[in-house]
Amino acid sequence: MAGAVELEVGSRTVRISNPDRVYFPARGETKLDLARYYISVGDGIVRALRERPCMMHRFPSGVTGEKVHQKRVPHGAPAWLETVRVDFPRYGRHADELCVTELASIVWAVQMSTVEFHPWNSRRADTERPDEWRIDLDPMPRCEFATVRRVAHIVHEILGELGMTGWPKTSGGNGLHVYVRIEPRWGFADVRRAAHAFAREVERRAPDHVTTTWWRKDRDPTVLFVDYNQNARDHTIASAYSVRGVPEATVSTPITWDEIDDVDPRQFTIATVPARFAELGDLHQGIDDSAYSLQTLLAWAERDGLDLSYTGPSRDRALRSKGVRGSRSRAGASSHPASPRPSPTRSRRATHPINASLLTPASR
Ligand SMILES: [Mn+2]
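Rules used throughout
- Residues take numbers from 1 onward in each chain, read along the sequence in its written order.
- Whole-chain, interface and lining totals are the exception, using all residues; otherwise, since this is a predicted model, local features are given only for residues with pLDDT of at least 70 and side-chain atom pairs are given and counted only at 80 or more.
- For every element, the axis is a line fit to its C-alpha atoms; helices are fit only across the contacting stretch, and the angle between N-to-C directions ranges from 0 to 180 degrees.
- Helix and strand assignments follow DSSP, with helices taken as H or I runs no shorter than four residues and strands as E runs no shorter than two, numbered in order from the N terminus.
- Our angle categories are set so that under 35 degrees counts as roughly parallel, over 145 as roughly antiparallel, 65 to 115 as roughly perpendicular, and the remainder as oblique.
- For a crossing to be left-handed, the near helix must be turned anticlockwise from the far one by less than a right angle; the clockwise case is right-handed.
- Two residues qualify as a contact pair if the distance between their C-beta atoms, derived from the backbone, is within 7 Å.
- Note on residue categories: nonpolar means Ala, Val, Leu, Ile, Met, Phe, Trp, Tyr, Cys or Pro, charged means Asp, Glu, Lys or Arg, and polar means any other residue, Gly included.
- Counting other C-beta atoms within 10 Å of its own, a residue is labelled buried from 20 upward, exposed at 12 or fewer, and partly exposed in the gap between, with every C-beta atom placed from the backbone.
- Strands are labelled as partners when DSSP assigns at least two bridges between them.
- What pLDDT reports is the predictor's confidence in each residue, on a scale of 0 through 100.

J.: I'd like a rundown of the packing of helix 1 (residues 31-40) against helix 3 (residues 103-111), residues and numbers included.
T.: It is at 9 Å that the axes of helix 1 and helix 3 come closest, and there the two elements cross at 160°. Here helix 1 is positioned roughly antiparallel relative to helix 3, judged by the angle of their axes. Crossing handedness for the pair helix 1 and helix 3: right-handed. Residue-level contacts link Lys-31, Leu-34, Ala-35, Tyr-38 and Ile-39 of helix 1 to Leu-103, Ile-106, Val-107 and Val-110 of helix 3. Grouping the amino acids of the contact of helix 1 with helix 3 by side-chain chemistry returns eight nonpolar, no polar and one charged.

Here you go:
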């Protein structure tokens, strides 16, 4: 095995150890190939991550080996590497996460064996107010890609009616993501509530193909789940241009709306995306040009009784089992003052990861 190599990235020199280590056994690409891939899509990946707290999914021995979900930048990182602090008040902890400001910090993360980049939907200027609403179209195991295409067109249609521009990309798996830039005026609970209202509208327009049902076991395996929960605090999904930690090295790839009917997400890999990027540039280049208000979606949420304290059927079920009506069935009680947020110190609901993340106040 060759010794370490040094890559010049902008004004930095980044050392890559074990450059010949095979990371993607189905294809053969190495750690050095991964670093070169990210350099080839540099503007795009930096735009996707810029100034966002970023979780690193590391695979120290390649993608078929152990996976490490790393929030914290370790001691010993270069002095030029920037971080952003996020708090986890319910645990009395915080984390200094990677904060990408230049391409070299992404290559440093590759040196740290990062394959996937999972940024928050907020930025360091105000980590508690997201500027990105994420529409995650998640096909259930027996859902056909034709259904994903059909639902994507419905998403496009509704966004058009809202006067919003959405930016589609493949997930790198079987689904699609659509990102919408929003004004950073609302906390995570409101953004999630708006996302929920939108998902319900998608479901209304294609009830045979779409579900917003909370519990996976209750979802028809042939339909598509619009996963609005991805907008909850500390929930992250792979960014645009992130390679996925799979042997095939698929890439979450920006596409145009016109490509929805023809796209084959499996064709977008560490090997093919650089040429596509060289030809087309970053299809998400304009994503920061306009930011939209969530007011209409929040009005839909109000209409549909998706109140702020609604934390999903797990809570309803727990309450029902005690003979108490769940918050969802209290939709008609919207003239009451908003229910107090669950106290972060209460542990009863912490067993459900979604609820645990919602226990964090949306803004402080
Ligand atoms: Mn998904």
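Further notes follow.
J.: So what's going on with unusual backbone geometry? Residues and values would help.
T.: Positive phi outside glycine occurs at Glu-51, with the angle close to 65°. Among the secondary structure elements, Glu-51 is positioned in the loop between helix 2 (42-49) and strand 5 (53-58). Although it is not a glycine, Tyr-241 adopts a positive phi angle of roughly 75°. Topologically, Tyr-241 is positioned in the loop between strand 14 (224-226) and helix 6 (273-280).

J.: Can you explain the pairing of strand 9 (residues 114-119)? Please cite residues and give values.
T.: Of all six residues making up strand 9, six are buried, and the element is well covered by its neighbours. Pairing analysis gives five bridges linking strand 5 to strand 9, with the strands arranged antiparallel. When the bridges of strand 9 are listed, Met-56 appears paired with Phe-117.

J.: An account of the confidence of the model for the chain is requested, with residue identities and associated values reported.
T.: Counting all residues, the mean pLDDT for the chain is 88, and 84% of those residues have values of 70 or more. Contacts from residues 313-364, a stretch scored under 50 in pLDDT, to residues over four places away or in other chains number 64 contacts.

J.: Provide a residue-level description of the sheet that holds strand 13 (residues 210-211), including the pertinent values.
T.: With respect to topology, five strands assemble into an open sheet ordered 11-12-10-14-13, the strand pairing being mixed. Bordering the open sheet on either side are strand 11 (167-170) and strand 13, each of which pairs with just one other strand. Sheet analysis places strand 11 next to strand 12 (residues 176-181), joined by four bridges and oriented antiparallel. Within the sheet, the bridge partner assigned to Pro-168 lies in strand 12 and is Val-178.

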